[in-house]
Amino acid sequence: AKRAGGHTYALFESRMNEGVQEQLALQHDLRHAVERNELLLHYQPKIDARLGRLQGVEALLRWQHPTRGMIGPNVFIPIAERFGLINGLGNWVIEESCRQMRVWADQGMLMSVAINLSVHQLRTEDLVHRIESALTRHRVMPSQLLCEITESVAMEDIKSTQRAFEELQRIGVYLSIDDFGTGYSSLSYLRQLPARQLKIDRSFVADIEVRPDARAIVGAVIQLAHQLGLRVVAEGVETEGQRDILLALQCDELQGYLLARPMPEAALGVWMSQQAVM
Ligand code: C2E
Ligand code: CA
Ligand code: CA
Ligand code: CA
């Protein structure tokens, strides 16, 4: 395979090794990220489309690496999943989000927080117990916690997802299907899952102003979701045009840079006080 263009191949191989080296280095550091206190959550507001009020926040994981700076989840979550570190990170997210909800509750705020779960977490036996234990210890109501699972992941392992969803529903936690529209599943399939919310993937929202077909799809998804008793959230709302169309299509909640970016807890406090004045 190396005969022609051996040089190119060697170059490719060395680049590939760099990629592998890079991943190995990161996974090595990632193993200590929790104990070294390098993880943090940023919170992105979700806004009630009709009332314009804060509906809750989504917790998004960040890694403050000692030398590389802030690393986003699109980089390190796949590495964590590949190297068996995702449950450790996921458990930290459960713990930290419940701790933060208690801090807000002590300030008189009943904040709903959505966390993202990996399929590996859904497959572990003790996920539900962990969540229940964190809620109890921090004295947080289960209905304040929303668990988001990506559609493609849910459909890939429908059995694990269904079992986990049913157990989580039993303890009173709410469930959400994330990135809907990317997994090629039908809405009728979703009837098998006791979800409360559906999040329309950003790619549809991005096209909604320019492509009539995207707009039609989003409109149909919202109507069907409503008939199934699901609340619909549009993610990645960046323009006023997108917001207006989503409002007209009766989308329930909006999330995106137009409304607010993900931010650390302190900045969220400032953001909320500014909202109150407006
Ligand atoms: P996601 O759950 O679909 O989260 C939405 C992503 O879109 C976030 O990226 C958010 O910062 C970004 N976003 C929000 N509004 C806009 C917008 O208006 N325009 C654009 N272009 N982007 C917007 P982020 O924080 O980099 O997270 C990426 C993905 O990493 C998440 O996608 C989620 O799948 C995963 N992730 C994040 N935190 C966790 C976690 O604690 N556990 C697990 N398992 N996965 C996580
Ligand atoms: Ca999400
Ligand atoms: Ca999403
Ligand atoms: Ca996504």
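Each value, and the rule that gives it
Residues numbered from 1 in each chain as written. Chains lettered and ligands numbered in written order. Predicted model: local features only at pLDDT ≥ 70, side-chain atom pairs only at ≥ 80, totals over all residues. Heavy atoms only, no water. Donors = N, O, S within 2.8 Å, 3.2 Å for Na, K, Ca; no water. Helix = DSSP H or I, 4+ residues; strand = E, 2+ residues; numbered from the N terminus. Axes fitted to C-alpha atoms, helices over the stretch in contact; angles between N-to-C directions. Parallel < 35°, antiparallel > 145°, perpendicular 65-115°, else oblique. Left-handed = near helix turned anticlockwise from the far one by under 90°. Contact = heavy atoms within 4.5 Å. Salt bridge = Lys/Arg side-chain N within 4 Å of Asp/Glu carboxyl O. Expected span 1.5 Å × (residues − 1). Buried < 20%, exposed > 50% of the residue type's maximum accessible area, 1.4 Å probe, protein only. 1 Å grid on protein atoms, 1.4 Å probe; cavity = no way out; pocket = protein on both sides within 12 Å on 5 of 7 lines; lining within 4 Å. Points joined across faces, edges and corners; volume = space filled by probe spheres on them. Nonpolar A, V, L, I, M, F, W, Y, C, P; charged D, E, K, R; others polar. Phe/Tyr/Trp six-rings, centres within 6.5 Å; stacked < 30°, edge-to-face > 60°.

Looking at an unreviewed UniProt entry, one finds the protein chain named Bifunctional diguanylate cyclase/phosphodiesterase and attributed to Lautropia dentalis.

Trainee: A description of the coordination of the calcium ion (ligand 4) should follow, citing residues and the corresponding values.
Mentor: Within the protein, Asp179 (OD) and Asp179 (OD) serve as the donor atoms for the calcium ion (ligand 4), at 2.7 to 3.0 Å. In this structure, the calcium ion (ligand 4) is positioned 6.0 Å from the calcium ion (ligand 2). Inspection of the secondary structure assignment puts aspartate 179 in strand E6 (residues 174-180).

Trainee: Talk me through the packing of helix H3 (residues 86-106) against helix H5 (residues 127-137); I want residue IDs and the actual numbers.
Mentor: Where H3 contacts H5, the two axes come as close as 9 Å, and the packing angle between them is 25 degrees. Put simply, H3 runs roughly parallel to H5. Both H3 and H5 take part in a crossing whose hand is right-handed. For the pair H3 and H5, the contacting residues are Asn91, Ile94, Glu95 and Cys98 in the first and Leu127, Arg130, Ile131, Ala134, Leu135 and Arg137 in the second.

Trainee: Can you lay out the pattern of salt bridges for me, pointing to particular residues and giving the numbers?
Mentor: Scanning all chains against the criterion turns up 14 salt bridges. Across the salt bridge formed by arginine 102 and aspartate 106, the nearest N and O atoms sit 2.6 Å from each other. Taken as a pair, arginine 102 and aspartate 106 lie in helix H3 at a separation of four residues, close to a single helical turn. As a salt-bridge pair, glutamate 253 and arginine 231 come within 2.9 Å of each other at their nearest N and O atoms. Taken together, the residues span a long stretch of sequence, with glutamate 253 in strand E9 (residues 253-254) and arginine 231 in strand E8 (residues 231-234) at a distance of 22 residues.

Trainee: Before we move on, can you summarise helix H7 (residues 158-170) with the specific residues and values?
Mentor: For H7, built from 13 residues, the straight-helix expectation of 18 Å at 1.5 Å per residue is met to within 8% by its first-to-last C-alpha distance of 18 Å. When H7 is considered as a whole, its buried residues turn out to be Ile158, Ser160, Thr161, Gln162, Ala164, Phe165 and Leu168. Looking one or two places after H7, you find glycine 172, whose phi comes out positive at around 95 degrees.

Trainee: Talk me through the side chain of glutamate 96; I want residue IDs and the actual numbers.
Mentor: The topology assignment puts glutamate 96 in helix H3. Discounting residues that sit within four places of it in the chain, glutamate 96 has contacts with Leu41 and Tyr43.

Trainee: Summarise the coordination of the calcium ion (ligand 3); cite the residues concerned and give the values.
Mentor: The coordination sphere of the calcium ion (ligand 3) contains the protein donors Asp178 (OD), Asp179 (OD), Glu235 (OE) and Glu235 (OE), at a distance range of 2.0 to 2.8 Å. Taken in chain order, the donor set of the calcium ion (ligand 3) reads D-D-x55-E. Between the calcium ion (ligand 3) and the calcium ion (ligand 2) the interatomic distance amounts to 3.9 Å, and aspartate 178 serves as a bridging ligand to the pair. With aspartate 179 in strand E6 and glutamate 235 in the loop between E8 and helix H11 (240-248), this residue pair connects regions lying 56 residues apart in the sequence.

Trainee: Run through the layout of surface pockets, naming residues and quoting values.
Mentor: Of the pockets and cavities examined, the largest pocket occupies roughly 1,100 Å³. Secondary-structure elements contributing two or more residues to the lining of the largest pocket are strand E1 (39-48), strand E2 (54-65), helix H2 (73-82), H3, helix H4 (119-123), strand E5 (145-150) and E6. For the lining of the largest pocket, the class distribution of residues is 16 nonpolar, 11 polar and 11 charged.

Trainee: Talk me through the packing of aromatic side chains; I want residue IDs and the actual numbers.
Mentor: Evaluation of the coordinates by the stated rule reveals two aromatic pairs. When the centroid spacing of 5.1 Å and the interplanar angle of 70 degrees are considered together, the rings of tyrosine 43 and tryptophan 104 count as edge-to-face. You can see tyrosine 43 sitting in strand E1 and its partner tryptophan 104 sitting in helix H3, a full 61 residues away along the chain. Neither residue differs from the other here; tyrosine 43 and tryptophan 104 are each classed as buried. Here the aromatic rings of tryptophan 63 and phenylalanine 76 are separated by 5.8 Å at their centres, their planes lie at 80 degrees, and the arrangement is edge-to-face. Taken as a pair, tryptophan 63 in strand E2 and phenylalanine 76 in helix H2 lie far apart in primary sequence, 13 residues in all. Tryptophan 63 gets classed as buried once you look at its relative accessible area, which sits at 0%. Accessibility expressed as a relative area gives 0% for phenylalanine 76, which makes it buried.

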